[in-house]
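Descriptive analysis of the structure
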Amino acid sequence: VQKRLGLKELESKIVTADVAAALISDGDVVGMSGFTRAGDAKVVPMALVERAKNEKFKIDVYTGASLGPEVDKYLAEAGVIRKRGPFQGDAGIRNLINSGDIQYVDAHLSHNAELVRQGIMGPIKYLILEAVAITEDGLIIPTNSVGNSPIFAEYAENIIVELNISHPEALIGIHDIYVPAEQGQREAIPMTDATQRIGEIGIKVDPAKIKAIVISEEPDAPSLIVPPDEETQTMANILLDFFRDEIKAGRLTNKLMPLQSGVGSVANAVLDGFADSEFEDLVVASEVLQDAVFNLIDAGKVKFAAATSITLTEELQKKVYGNLEKYADKICLRPQEISNHPELIRRLGLISINTALELDIYGNVNSTHVSGTKMMNGIGGSGDFARNARLGIFVTKSYAKGGAISSIVPMVSHVDHTEHDVDVIVTEQGIADLRGLAPKERVQLIIKNCAHPDYKEQLWDYYNRAVEATGNQQTPHILEEALSWHVNLTKNKTMKKEVAKA
Ligand code: 0RQ
């Protein structure tokens with residue numbers, strides 16, 4: 001502990017988790033560190049769970065993104081969370097959101113910092129921040145994620161630090177903390193290459209704000225992604241062939257452009273596909289570094305990887321955190337305001353790969369709401385990247401739930417990414433390159449190349465009748481029927497219906 005706490009005046013602030021948790025009051029807005037189960041505060045939230053056994057209180061919880069079970073399962077199920085934002089990914093809190101017990105603000109991850117600056121969430125009373133060290137000059141060094149912690153630290157009235165001594169000291173130096181000034185007084189972000197470092201190695205705070213330090217040894221909850229399967233492997237191969245065609249067309253070289261890939265099993269599998277390819281000197285400029293990125297660094301394919309979080313399965317946690325020195329000069333963790341910043345995504349020319357739940361025949365994408373009403377996880381950074389990327393790619397299997405659901409529907413039941421933000425769609429069936437195409441041209445590629453064979457006829461039937469019914473309008477739809485596939489799913493547990501043969 002002595003070694004990790006450089007600012008000796010703070011030694012008197014070391015308390016138990018219970019004492020720290022008692023500082024938080026009913027109605028407080030609380031910022032917490034953490035992004036996709038990495039670098040989240042753990043022991044103080046669990047002390048809040050204990051406190052809730054004898055006392056009724058509620059708080060609003062804002063983070064970088066999803067957290068491990070301590071907050072998004074146990075704290076949620078203890079009834080402590082009134083409002084939650086900007087992302088979650090745990091069945092525990094998801095159920096309480098979908099039963100109306102917790103208000104959930106699902107927001108673009110790059111937008112949070114501006115909302116904090118404008119005071120939209122209300123005054124942030126406490127930030128609970130997991131750190132690997134506090135340096136002599138008062139820099140708080142975050143652990144496996146940065147997320148929104150720098151902006152929370154700037155605006156929070158008080159800070160509780162969870163000094164986690166189980167994280168390796170080699171994390172010190174990996175972070176690159178740059179926080180833009182207020183809008184109107186802001187310079188251009190000084191980054192023209194994704195491998196540049198532009199900030200400090202930690203978060204500068206006024207030590208007077210630090211009200212408690214709790215020593216922790218709790219590891220991050222491992223990521224739950226499943227290994228690539230045959231279909232995700234096929235999607236990866238389709239995408240690699242697409243990149244080869246882009247090289248032939250002179251739009252890319254075999255270094256590609258900085259790559260962003262979303263979270264989840266599909267996105268991880270797609271990146272994994274680069275391992276046996278001819279692409280080299282790749283740069284990753286993403287929001288989460290999953291297992292695949294470290295395998296690609298080992299394979300000599302990725303030369304540098306920046307993000308706001310490192311989220312690994314148990315096996316990769318051992319491999320990476322046990323040998324962090326090996327990766328230290330090849331990785332960098334930035335605030336999510338920077339990793340997801342539209343200015344940088346556009347300037348650096350990112351290739352962005354995110355996951356859809358469903359998409360429609362015109363290319364609108366739903367990433368968040370099952371059948372339009374039930375929250376899955378949230379939009380996360382997918383909107384930040386898709387709209388501003390050089391290439392906005394969406395991947396999904398063409399079906400879900402054993403084929404009862406077609407991922408390609410007449411009209412999406414919720415829109416996260418409009419047709420204007422979606423360049424390329426990939427399913428295990430094939431690819432639709434939508435760039436430069438009008439809506440009716442898109443339909444031809446999406447149904448022909450990407451839809452599951454079981455649903456093609458049904459999709460053509462809808463589309464052809466829509467063209468006829470509207471007199472061939474710009475974007476043909478039969479409004480009474482556009483969402484009938486979802487209605488059918490609710491009533492009959494399947495989107496399949498008998499298509500009258502012409
Ligand atoms: O559920 O496991 O219960 O069967 O959704 O689907 O195919 O395993 O894919 O793990 O990659 O997750 C969109 C949810 C995909 C995720 C989503 C069901 C399916 C399964 C998971 P089961 P898969 P993945 C990064 C940027 C948010 C947007 C984003 C996600 C479960 O990638 O949340 O990319 N993305 N953000 O059966 C009903 C459909 C379905 C469906 C799939 N049409 N209807 N259920 N499923 N399609 C995140 C951050 O920024 C932090």
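Quick notes on the rules
Residues numbered from 1 in each chain as written. Predicted model: local features only at pLDDT ≥ 70, side-chain atom pairs only at ≥ 80, totals over all residues. Helix = DSSP H or I, 4+ residues; strand = E, 2+ residues; numbered from the N terminus. Rg over C-alpha atoms; globule rule 2.2 N^0.38 Å. Pairing = 2+ DSSP bridges. Right-handed = clockwise from strand over helix to strand, strands pointing away. Near = placed C-beta within 6 Å. Nonpolar A, V, L, I, M, F, W, Y, C, P; charged D, E, K, R; others polar. Buried ≥ 20, exposed ≤ 12 C-beta atoms within 10 Å, placed from the backbone. Contact = placed C-beta atoms within 7 Å. UniProt positions renumbered as here; feature names shortened; annotations may be inferred. Axes fitted to C-alpha atoms, helices over the stretch in contact; angles between N-to-C directions. Parallel < 35°, antiparallel > 145°, perpendicular 65-115°, else oblique. Left-handed = near helix turned anticlockwise from the far one by under 90°. Core = buried A, V, L, I, M, F, W, Y, C linked by C-beta atoms within 7 Å. Expected span 1.5 Å × (residues − 1). Arc of directions from axis to C-beta.

The name given to the chain in an unreviewed UniProt entry is Succinyl-CoA:acetate CoA-transferase, with the source organism recorded as Lysinibacillus parviboronicapiens.

Each helix and strand counted, the chain has 17 helices and 26 strands in total. Scaling as 2.2 N^0.38, a compact globule of 502 residues should have a C-alpha radius of gyration of about 23 Å, and the chain matches this with 23 Å. Taken over the C-alpha atoms alone, the chain extends approximately 80 × 50 × 45 Å along its principal axes.

This part takes up the sheet that holds strand β24 (residues 408-409). Reading across from one edge, β18-β17-β24 is the order of the three strands in this open sheet, with mixed pairing throughout. Bordering the open sheet on either side are β18 (365-366) and β24, each of which pairs with just one other strand. Alignment of strand β17 (residues 358-360) against β24, held across two bridges, turns out to be parallel. Following the sheet pairing, Asp360 is matched in β24 by Val409.

Below, the discussion takes up the pairing of strand β3 (residues 81-85). When strand β2 (residues 59-62) meets β3, the two strands line up parallel, connected through four bridges. From the neighbouring strand, Asp60 faces β3, where its bridge partner is Lys83. In terms of handedness, the path from β2 via helix α3 (residues 69-77) over to β3 forms a crossover that is right-handed. Of the pairings in the sheet, the one linking β3 to strand β4 (residues 103-104) comprises two bridges and is parallel in character. Counted as the bridge partner of Arg84 is Tyr104 from β4. Handedness of the crossover joining β3 and β4 through helix α4 (residues 91-98) is recorded here as right-handed.

With respect to spatial proximity, 27 residues lie near the ligand, and among them Gly262, Gly264, Thr355, Asn377 and Gly380 are the closest. Among the secondary structure elements, those contributing two or more residues to the shell around the ligand are α8 (265-272) and β16 (351-355). Counted by class, the shell around the ligand contains 11 nonpolar, 12 polar and four charged residues.

To continue, consider α3. The buried fraction of α3 is high, at eight of nine residues. Burial in α3 covers these residues: Pro69, Glu70, Val71, Asp72, Lys73, Tyr74, Leu75 and Ala76. Buried residues along α3 sit in contact with β1 (29-32), α2 (43-51), β2, β3 and α4. Looking one or two residues beyond α3, the residue adopting positive phi is Gly79, at roughly 80 degrees.

Here we take up the UniProt feature "domain: Acetyl-CoA hydrolase/transferase N-terminal" (unreviewed entry) in the chain. This chain's UniProt record puts "domain: Acetyl-CoA hydrolase/transferase N-terminal" (unreviewed entry) on residues 8-214. A helix fraction of 21% and a strand fraction of 21% characterise residues 8-214, whose end C-alpha atoms lie 15 Å from each other.

The next point concerns the packing of α8 against helix α9 (residues 291-298). Two elements in contact, α8 and α9, have axes separated by 8 Å at closest approach and are oriented at 10 degrees. Accordingly, the angle class assigned to the pair α8 and α9 is roughly parallel. Together, Asn268, Leu271 and Asp272 of α8 and Asp291, Ala292, Val293, Asn295 and Leu296 of α9 make up the contact between the two elements. Residue composition of the contact of α8 with α9, grouped by class: four nonpolar, two polar and two charged.

Glancing now at unusual backbone geometry. The peptide bond linking Gly85 to Pro86 adopts the cis configuration, its omega dihedral lying at -5 degrees. Positive phi outside glycine occurs at Leu256, with the angle close to 55 degrees. Along the chain, the position of Leu256 falls in the loop between α7 (230-248) and β10 (259-261). Located in the positive-phi region is Ser371, a residue other than glycine, with phi close to 50 degrees. As for its placement among the helices and strands, Ser371 is situated in the loop between β19 (369-370) and β20 (374-375). We classify Ser371 as partly exposed; it has 17 C-beta atoms within 10 Å.

Where α7 meets α8, the axes come as close as 8 Å, and the angle between the chain directions of the two elements is 50 degrees. With respect to α8, the axis of α7 lies oblique. Crossing of α7 over α8 shows right-handed handedness. Taken together, the residues of α8 that come into contact with α7 (itself represented by Thr232, Gln233, Met235, Ala236 and Leu239) are Ser265, Val266, Ala269, Val270 and Asp272. Considering only residue class, the contact of α7 with α8 consists of six nonpolar, three polar and one charged.

In this section: the UniProt feature "domain: Acetyl-CoA hydrolase/transferase C-terminal" (unreviewed entry) in the chain. Under the feature "domain: Acetyl-CoA hydrolase/transferase C-terminal" (unreviewed entry), the UniProt entry names residues 318-462. In the segment residues 318-462, helix accounts for 33% and strand for 23%; the C-alpha atoms at its two ends are 51 Å apart.

This part takes up the nonpolar core. With 152 residues, the main nonpolar core has Val44, Ile140, Val161, Val270, Val284, Val293 and Ile425 as its most contacted residues. The dominant element in this core, judged by the number of residues it contributes, is strand β5 (residues 124-134), at nine residues. In contact with Val161, other than residues within four places in its own chain, are Leu129, Ala131, Ile134, Ile140, Ile210 and Ile213.

A word on helix α16 (residues 453-470). Taking 1.5 Å of rise per residue, the 18 residues of α16 would be expected to cover 26 Å, and the 26 Å separating its terminal C-alpha atoms lies within 8% of that figure. For α16, every residue scored as buried is listed here: Tyr455, Gln458, Leu459, Tyr462, Tyr463 and Ala466. Looking down the long axis of α16, one finds its buried residues gathered within 135 degrees of arc, a one-sided arrangement. Residues of α16 that are exposed and angled more than 90 degrees away from the buried face: Pro453 and Glu468. Where α16 is buried, its residues meet β23 (405-406), β24 and α15 (439-450). Gly471 sits one or two residues past α16 and shows a positive phi near 65 degrees.

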